[in-house]
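This is what each chain is made of:
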Amino acid sequence: MIEVSTEIFAGIECLHAAPAAKRHAPLPTVVFWHGFTSSKEVYAWAAVGLANAGFRVVMPDADQHGSRYGGDADYRLGCLWEILRQNIDETPLLETALRQQALVEGGRFAVAGASMGGMTALGAMARNPQIASVACMMGSGYFMSLSQTLFPPLTQKTPDEKTAFEARTAPLADYEVSHQLAKIADRPLLIWHGEADEVVPVAESVRLENAMREANLNQQLTFITEKGVGHRITPPALDTLVAFFRHHL
């Protein structure tokens, strides 16, 4: 059995799941980020699956999502990349808040996510060496190139719009993993992707796996794709996620 509640950590409303009667005990802990235009409740399947396996799971609402949604859908659609950067910056704040309450067991702190959440997990891994292990589900670590096609903040139809687009997306260069593969190769990393993904192409994950393998940095990488699966998480994918953290957290 598990216990699920809604709590505030680092000023952010989170879904908090843990094995029954262990909610206040130190536990191996996973911060799991949801996808774009979704919410922590929609991704509660991950909290249930991981908590049933003995983990504490903390699922925050990203900025402009769930409890933090301001109500302007058009505005949010133009802010994916700013929201992603904010997720990455907020991840260590969540860890600090959890450790201040003695909820994390030793160094057993991990980050995971799906879609935008998977991108968050990769970005956080590169910037936070204390994270023990990471799982990226149907995400990407190549923010600069993907921002040209996936919910771009501007249309770039005029020279001024192109300049504004470049200014808004320039900060992504410091967050993406293309230039810092070694920082995501020194700890266990799961990359899972559906091969028929129509939103974030599986080629994004294949590109990362190829880069790590060619650089001989794939010793701790678990790379799995699933045939015929679009932009969604399947029961086998959840099983893979749980098994990965059972082994690596």
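First, a word on scope: everything that follows refers to the structure included in this document.

1. Quick word on the pattern of salt bridges
Here's step 1: The full count for this structure, using the stated rule, is 10 salt bridges.
Here's step 2: Salt bridges here are not isolated pairs; linked through shared partners, they connect Glu13, Lys40, Glu41 and Asp61.

2. Side note on the sheet that holds strand β1 (residues 2-9)
Here's step 1: Here 8 strands make up an open sheet; going across it, the order is β1-β2-β4-β3-β5-β6-β7-β8 and the pairing mixed. The sheet is open, and its two edges are formed by β1 and β8 (221-226), each paired on a single side. Between one strand and the next, the sheet's axes are offset by a mean angle of 20°, whatever the strand orientation.
Here's step 2: Judged from the 8 bridges that link them, β1 and strand β2 (residues 12-19) form a sheet pairing that is antiparallel. Each residue of the ladder has a partner; that of Ile2, found in β2, is Pro19.
Here's step 3: Contacts from helix α10 (residues 235-248) reach β3 (27-33), β5 (104-114), β6 (133-137), β7 (189-194) and β8 within the one sheet, and its direction differs from that of β6 by about 170°.

3. Some words on the side chain of Ser205
Here's step 1: Structurally, Ser205 can be placed in helix α9 (residues 202-214).
Here's step 2: Among the residues examined, Ser205 registers a relative accessible area of 2% and is labelled buried.
Here's step 3: Those residues in contact with Ser205 that lie beyond four places of it in its chain are Gly139, Ile191, His193 and Phe223.

4. Details of the packing of aromatic side chains
Here's step 1: Scanning the entire structure with this criterion turns up 6 aromatic pairs.
Here's step 2: On the basis of an interplanar angle of 40° and a centroid distance of 5.7 Å, the ring pair of Tyr43 and Trp45 is categorised as tilted.
Here's step 3: Residue Trp45 is classed as partly exposed on the basis of its relative accessible area of 27%.
Here's step 4: With a centroid separation of 6.4 Å and an interplanar angle of 65°, the aromatic rings of Phe55 and Phe245 are classed as edge-to-face. Taken together, the residues span a long stretch of sequence, with Phe55 in the loop between α1 (44-52) and β4 (56-60) and Phe245 in helix α10 at a distance of 190 residues. Assigned by exposure class, Phe55 and Phe245 land together as buried.
Here's step 5: Ring pairs connect the aromatic residues Phe32, Tyr43 and Trp45, which therefore count as one cluster.
Here's step 6: It is Arg76 that lies over the ring of Tyr69; its NZ or CZ is 4.2 Å from the centre.
Here's step 7: In this structure, Arg207 packs its charged tip against the face of Tyr142, placed 3.6 Å from the ring centre.

5. A look at α10
Structurally, the α-helix is built with 3.6 residues per turn, so residues lying three or four positions apart point the same way.
Here's step 1: In this model, α10 (14 residues) spans 20 Å end to end at C-alpha, consistent with the 20 Å of a helix rising 1.5 Å per residue.
Here's step 2: Those residues of α10 lying buried are Ala237, Leu238, Thr240, Leu241, Val242, Phe244 and Phe245.

6. A short note on the layout of surface pockets
Here's step 1: Within this model, the largest pocket holds a volume of roughly 150 Å³.
Here's step 2: Lining the largest pocket we find 15 residues, and of these Gly35, Phe36, Ser115, Val199 and His231 sit closest to its centre.
Here's step 3: Class assignment for the residues of the lining of the largest pocket results in 10 nonpolar, 5 polar and no charged.

7. Focus on the packing of helix α3 (residues 80-100) against helix α4 (residues 116-127)
Here's step 1: In contact at an axis separation of 9 Å, α3 and α4 are set at 50° when each is read in the N-to-C sense. As judged from the angle between their axes, α3 and α4 are oblique. Once α3 is placed against α4, the crossing between them reads as right-handed. For the pair α3 and α4, the contacting residues are Leu80, Trp81, Ile83, Leu84, Asn87, Ile88, Asp89 and Thr91 in the first and Met116, Met119, Thr120, Gly123, Ala124 and Arg127 in the second.
Here's step 2: For the contact of α3 with α4, a count of residues per class yields 8 nonpolar, 4 polar and 2 charged.

8. Side note on α3
Here's step 1: Here α3 contains 21 residues, and its C-alpha end-to-end distance of 30 Å stays within 8% of the 30 Å for a straight helix at 1.5 Å per residue.
Here's step 2: In α3, a bend of some 30° at Glu90 exceeds every other bend along the element, and Pro92, a proline, comes one to four places later.
Here's step 3: Residue Ala102 follows α3 closely and has a positive phi angle near 55°.

9. A look at unusual backbone geometry
Most peptide bonds take the trans form, and the phi angle of most residues other than glycine is negative.
Here's step 1: Positive phi, normally seen in glycine, also occurs at Thr37, with a value near 65°.
Here's step 2: A residue is classified by how much of its surface remains accessible, and Thr37, at 40% relative accessible area, is partly exposed.
Here's step 3: Unusually for a residue other than glycine, Asn216 sits at a positive phi of about 55°.
Here's step 4: Along the chain, the position of Asn216 falls in the loop between α9 and β8.

Rules and cut-offs
- Residues numbered from 1 in each chain as written.
- Predicted model: local features only at pLDDT ≥ 70, side-chain atom pairs only at ≥ 80, totals over all residues.
- Heavy atoms only, no water.
- Salt bridge = Lys/Arg side-chain N within 4 Å of Asp/Glu carboxyl O.
- Pairing = 2+ DSSP bridges.
- Helix = DSSP H or I, 4+ residues; strand = E, 2+ residues; numbered from the N terminus.
- Axes fitted to C-alpha atoms, helices over the stretch in contact; angles between N-to-C directions.
- Contact = heavy atoms within 4.5 Å.
- Buried < 20%, exposed > 50% of the residue type's maximum accessible area, 1.4 Å probe, protein only.
- Phe/Tyr/Trp six-rings, centres within 6.5 Å; stacked < 30°, edge-to-face > 60°.
- Lys NZ or Arg CZ within 6 Å of the ring centre and 35° of its normal.
- Expected span 1.5 Å × (residues − 1).
- 1 Å grid on protein atoms, 1.4 Å probe; cavity = no way out; pocket = protein on both sides within 12 Å on 5 of 7 lines; lining within 4 Å.
- Points joined across faces, edges and corners; volume = space filled by probe spheres on them.
- Nonpolar A, V, L, I, M, F, W, Y, C, P; charged D, E, K, R; others polar.
- Parallel < 35°, antiparallel > 145°, perpendicular 65-115°, else oblique.
- Left-handed = near helix turned anticlockwise from the far one by under 90°.
- Bend = angle between axes of the 7 residues up to and from the residue.

These results come straight from atomic positions and should not be treated as a statement about function.
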